[in-house]
Amino acid sequence: MDVNAAVAAAAAIAGVLTGVIAMLAFRWSERDLKRPTRTSLHTDPVLPPGVDTVLSVLRSSAVVLDEADAVVKASSAAYALGLVRGGKLAVEPMLQMARDTRRDGEIRQVELDLPRRGTGRGEALAVSARVAPLGSRLVLLLVEDLTEARRIEAVRRDFVANVSHELKTPVGALSLLSEAVMDASDDPEAVQRFAGRMQIEATRLTNLVQELIDLSRVQNDDPLEDAEPVRVDELVAEAVDRCRHAASTKQITMAAGGADDLSVWGNRGQLAAALGNLVENAVNYSPARTRVGIAARRVTAPGGDMIEIAVTDQGIGISDKDKERIFERFYRVDPARSRATGGTGLGLAIVKHVAASHGGEVTVWSSEGQGSTFTLRLPEAGPARDRTQHPGGGAASGRTRSTSLDAPYEETLPAPEVLP
């Protein structure tokens, strides 16, 4: 009997101990659940209902701070901009704004320039920061990246200023020349001379307006909407014909080669304008009695074969410092020479935009005093065209073919043509 009583007492004591341990474990687990963790800082247990959903669809970078300036919620864009580091807001001016807003409840906004992460250069991010109270304890920070908007605005301002300057020159000249014609009404020779100058300035003004229209078109239109296979030899022939008169005036020899069986894919009008601008520049910047060559070839590329069309001249060349800027709008290597030839400074900018919109590029090699080679690189339209029309790859016509871009004058197709 005593043994049974002892067993019963032991069982009762064990049950009591088990209950006590279970109660302590339950309370300890509840305490752990209430304790904030690193994961909970980036979730929304303390955010008002619906706020997390709203923040997830905002384009702005969002950061929510608690009363201890700890980050309760931060979007991925906020981390990408470097606003949040180590669970803290890393931008001191924004942190001070948040503290002031928490103190008085006022909404604040400011524009700041922030150092760009990962670069040792002096580049900066332009941002607009807006701070507002969120409930009784939290503060919401919204940051908008204004860098691209500011860059576009700067480009627009420069473009308007350059256009105004370029238009002012021929318009002013026409005004002065018209007054000169009126004053010389009794001198037929002077009237004829001034009228000739007026025609030159009117032509320059017309070319400038047309190139502005062309530049606007290539920037806004999608050339691949009306894309088609375009034969390279037809583009070359059109470019040569466009510059035939200017080349004959300066006794410049023009030669073309390697383009018979090549085609590119794109908008014919834009491609013709781009190649025409390159050939026209080569003629304008070449001394008299020199040569301009146009050579084409197919090159292998990872994404598919490309067609390279190189335009080489024996002109004044381009310095290293000018090579980085020659594709900018209105930039001229030799402003005096450009004005003498009627150049607007937009031709190479148009070439660059056409090449980029067609999935290609334009590059330049040049040496001062030795000439330049501009290479237009474009995707090929497809397989090479059938050569059965001229068996032997051109032998039937008695001409040789060369696709060398380094020496476009040695073997050309057709044979070099000396313009009268």
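Here, the structure is the one placed above.
A brief look at the structure comes next. (Residues numbered from 1 in each chain as written. Predicted model: local features only at pLDDT ≥ 70, side-chain atom pairs only at ≥ 80, totals over all residues. Heavy atoms only, no water.)

## Describing helix α8 (residues 232-242)
To be explicit about the condition: Think of it in three bands: residues with accessible area under 20% of the maximum for their type are buried, residues over 50% are exposed, and the middle band is partly exposed, with areas taken using a 1.4 Å probe on protein chains only. Helix numbers and strand numbers start at the N terminus; a helix is a DSSP run of H or I with at least 4 residues, a strand a run of E with at least 2. Our arc is simply the arc of the directions from the helix axis toward the C-beta atoms.
Residues V232, D233, L235, V236, A239 and V240 constitute the buried set of α8. On an axial view of α8, the arc spanned by its buried residues comes to 160°, and they lie on one face.

## Let's talk about the packing of aromatic side chains
Filter applied, for reference: The pairing test for Phe, Tyr and Trp rings, Trp by its six-membered ring, is centres within 6.5 Å, and the orientation test on the planes gives stacked under 30 degrees, edge-to-face over 60, and tilted for anything in between. Ring-over charges, as used throughout, are those where CZ of Arg or NZ of Lys falls within 6 Å of the ring centre and within 35 degrees of the ring normal.
According to the stated counting rule, one finds one aromatic pair in the structure shown. Centre to centre, the rings of F327 and F374 are 6.3 Å apart; their planes meet at 80°, and the pair counts as edge-to-face. With F327 in the loop between α11 (320-323) and α12 (335-341) and F374 in strand β14 (residues 371-379), this residue pair connects regions lying 47 residues apart in the sequence. According to the relative accessible area criterion, F327 is buried, its value standing at 17%. Residue class for F374 comes out buried when judged on its relative accessible area of 9%. Its end group placed over the ring of F194, R193 keeps NZ or CZ at 5.1 Å from the ring centre.

## Some words on the sheet that holds strand β6 (residues 124-134)
Our working definition: Only strands joined by at least two bridges in the DSSP assignment are considered to pair. To get an axis, fit a line to the C-alpha atoms, keeping to the stretch in contact for a helix; angles then go from 0 to 180 degrees between the N-to-C directions. Only heavy atoms matter for contacts: two residues are in contact if any of them lie within 4.5 Å across the pair.
In spatial order, the strands read β2-β1-β7-β6-β5; together these five strands make up an open sheet with antiparallel pairing. Edge positions in the open sheet fall to β2 (71-74) and β5 (108-115), since each of these has one partner strand only. Between one strand axis and the next, the sheet turns through 25° on average, direction left out of account. As judged from the eight bridges shared by β6 and strand β7 (residues 138-145), these two strands associate in the antiparallel manner. Its bridge partner being in β7, A132 is matched across the sheet by L140. On the sheet, helix α5 (residues 92-104) packs against β1 (61-65), β5, β6 and β7 and is oriented at approximately 165° with respect to β5.

## A few points about the side chain of S372
Inspection of the secondary structure puts S372 in strand β14. Here S372 falls in the buried class, since its relative accessible area comes to 4%. Beyond its immediate sequence surroundings of up to four residues, S372 is in contact with V311, T312, D313, G317, I318, W365 and S366.

## Here we look at the pattern of salt bridges
This is how the line gets drawn: We define a salt bridge as a side-chain nitrogen of Lys or Arg found within 4 Å of a carboxyl oxygen belonging to Asp or Glu.
Taken as a whole and judged by the stated rule, the model has 21 salt bridges. Put simply, D69 and R99 hold a salt bridge, and the shortest N to O gap is 2.8 Å. You can see D69 sitting in the loop between β1 and β2 and its partner R99 sitting in helix α5, a full 30 residues away along the chain. Relative accessible area serves as the criterion here: at 12%, D69 is assigned to the buried category. Among the ionic pairs, E111 bridges to R150, the shortest N-O distance being 2.9 Å. Linking E111 in strand β5 with R150 in helix α6 (residues 147-183), this pair joins segments that are 39 residues apart in sequence. Salt bridges linked by common partners bring R231, D233, E234, E238 and R268 together as one network.

Function-wise, these values are silent; they only describe arrangement.
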